[in-house]
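Chains, contacts and geometry: an overview
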Amino acid sequence: MTYKYFPHTGDDLQAMLAKVGVKSLDDLFAEIPEEVRFRKDYELPESASELEVRQLFEAMGSKNQQLTCFAGMGVYDHYTPAVIPQLLSRSEFLTSYTPYQAEISQGTLHYIFEYQSMMAELTGMDVSNASMYDGTTACAEAMMMAVAAGKKQNKVLVSAGLNPQTRQVLDTYALHQGIELITLPLKDGVTDLSVLTSQFSVLEGVAGVIVQQPNVYGIVEDFTGFADACHEHKALFIMDSLAADLAVLKTPGEWGADIAVGDGQSLGIPMSYGGPYVGYMCCTEKLIRKMPGRIVGKTLDNRGQRAFVLTLQAREQHIRRQKATSNICSNQSLMALFVTMYMSLMGRQGLKEAAELSYAGAHYLCDELLKTGRFSLAFNQPFFNEFYVKYDGDASVLYQRFIDEGILGGIPFEEGFLFAVTEKRTKEEIDKLLKIAAL
């Protein structure tokens, strides 16, 4: 066989060449000028044994400094039950390809259906789609969804409490969509309802309002009246929430949100140097046909047995481009399966306990930092497992001191630090950080 890893035999190649009217592969590429052809040897290393390859990658991996993580701002160091990677590695799950053929994709469609059911329950919304790329793009898709639902309305109000990275993605999406983004300033660290209502009084064409819960400072905001104000002016209320926190916090559905989005990474997905993660999107039933991506439904086959099918698909591959809600492609269903396994294993009580441990650890850390006299809480507002404190000193020096001692000591942010605590952080680890911070 000419090419070791190609399945074609020599006869196969000759048959294909004959079909296109040439005698050899050289003849096939004869039109390519000689001066642009690559004639050198490839700069590839010599072959190595399995043991040598393992040693090579272990040596490369050892260059990474393993730090105890107290950073957050959208990505959190939560525990992953050992059974999940084991189940996830089964061969039938190792593809994110879309399950077009329902008759041979029942397993994939089934777990996506369960994912949708769990996310709808977690967010308190009517329906969920079959997942998005990540939380930032899910928020951007929600922005476009609001504009599509509002028809001639093209303005979207965005709370300044939104994660800056998410805001950057919104700006990118809006740039060529004819969408105007208007920032809602914070008052004492939270989105001000009076500012929102005043904006409605002077602006026309507002399609939606986007807020974050907890916000970028970790503050748990009170959104009483926000949904009513939005609906009074025919705008959609969009909430971007941290998935794990919804185990104990008031859900977007309870706040009256029309669309709930966010990242599912906090549901046990390892940080993995930035991905892959999974975005979620849920909405009210009346918006279901404006939702991007796809939705899996349950039905009965011709024998009366339970079956799962792709119920709604809104992307351009299936319908005319100009009619498409979105061009979002792969639904990253492998990561949707990951969080489905996590929620199934943890259960209601497990999710709640993990959230409560995170809350307790963060409040212990905050209280002890304030006692050092070097830190002050920037806002007198309730927070969950993440908080922002100002630092009376050189933040860059302290940050490096944390790293030198094996700790990722939060995120240097504005005038201080944004610290996050998860259920993985022990009292001993927290006390070690406190000891360094007090120096």
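Report follows, based on the coordinates.

1. Brief notes about the overall build of the protein
- A count of helices and strands for the protein gives 13 helices and 17 strands.
- Scored against the burial criterion, the 439 residues of the protein give a buried share of 46%.
- Sequence separation of at least 24 residues holds for 70% of the intrachain contacts in the protein that already meet a minimum separation of 6.
- Of the roughly 23,300 Å² that the protein leaves accessible, carbon and sulfur atoms contribute 53%.
- Charge-centre separation for the protein: the mean point of 38 positive side chains lies 6 Å from the mean point of 53 negative side chains.

2. Structural notes on the pattern of salt bridges
- Inspection of every chain in the model, using the stated rule, returns eleven salt bridges.
- Residues R39 and E34 are paired through a salt bridge, measuring 2.9 Å at the closest nitrogen-oxygen approach.
- Among the ionic pairs, R348 bridges to E121, the shortest N-O distance being 2.2 Å. You can see R348 sitting in helix α11 (residues 333-371) and its partner E121 sitting in helix α5 (residues 106-123), a full 227 residues away along the chain.

3. Describing the packing of aromatic side chains
- Going through the model one piece at a time under the given rule, you end up with 21 aromatic pairs.
- Pairing F223 with W255 gives two aromatic rings, centres 5.9 Å apart and planes at 85°, and the pair type is edge-to-face. Highlighted residues: F223 in the loop between β7 (206-213) and α9 (226-232) and W255 in helix α10 (residues 252-255), separated in sequence by 32 residues. As far as burial versus exposure is concerned, F223 and W255 are alike and both buried.
- Cluster of aromatic residues (ring-pair linked, three or more members): F375, F383, F387, Y391, F402, F417 and F419.
- The cationic tip of K250 hangs over the ring face of W255; the distance from NZ or CZ to the ring centre is 4.0 Å.

4. Digging into the pairing of strand β3 (residues 155-159)
- Of all the five residues making up β3, five are buried; the element is thus mostly covered by neighbouring parts of the structure.
- Burial of β3 is two-sided: the residues K155, L157 and S159 facing one way and the residues V156 and V158 facing the other way are all buried.
- In this structure, β3 lies alongside strand β4 (residues 180-184), joined through five bridges in parallel fashion. Bridging across to β4, L157 finds its partner in I182.
- Tracing the backbone out of β3, into helix α7 (residues 164-175) and back to the parallel element β4 gives a crossover that is right-handed.

5. Focus on the sheet that holds strand β17 (residues 416-420)
- The strand order across the open sheet formed by four strands is β13-β14-β17-β16, and the pairing between neighbours is antiparallel. What marks the edges here is a single partner per strand, and that holds for β13 (375-377) and β16 (411-413). The average undirected angle you get between the axes of adjacent strands in this sheet is 40°.
- Pairing of β16 with β17, which is carried by three bridges, proceeds in the antiparallel orientation. Residue pairing across strands places I411 opposite L418, the latter belonging to β17.
- Each of β13, β14 (386-391), β16 and β17 is contacted by helix α12 (residues 395-404), which is oriented at about 35° to β17, the strand it contacts most.

Cut-off values and rules
- Residues numbered from 1 in each chain as written.
- Predicted model: local features only at pLDDT ≥ 70, side-chain atom pairs only at ≥ 80, totals over all residues.
- Heavy atoms only, no water.
- Helix = DSSP H or I, 4+ residues; strand = E, 2+ residues; numbered from the N terminus.
- Buried < 20%, exposed > 50% of the residue type's maximum accessible area, 1.4 Å probe, protein only.
- Contact = heavy atoms within 4.5 Å.
- Areas by Shrake-Rupley, 256 points an atom, 1.4 Å probe, with all protein chains shown as cover.
- Lys, Arg positive; Asp, Glu negative; His and termini not counted.
- Charge placed at Lys NZ, Arg CZ, Asp CG, Glu CD.
- Salt bridge = Lys/Arg side-chain N within 4 Å of Asp/Glu carboxyl O.
- Phe/Tyr/Trp six-rings, centres within 6.5 Å; stacked < 30°, edge-to-face > 60°.
- Lys NZ or Arg CZ within 6 Å of the ring centre and 35° of its normal.
- Pairing = 2+ DSSP bridges.
- Right-handed = clockwise from strand over helix to strand, strands pointing away.
- Axes fitted to C-alpha atoms, helices over the stretch in contact; angles between N-to-C directions.

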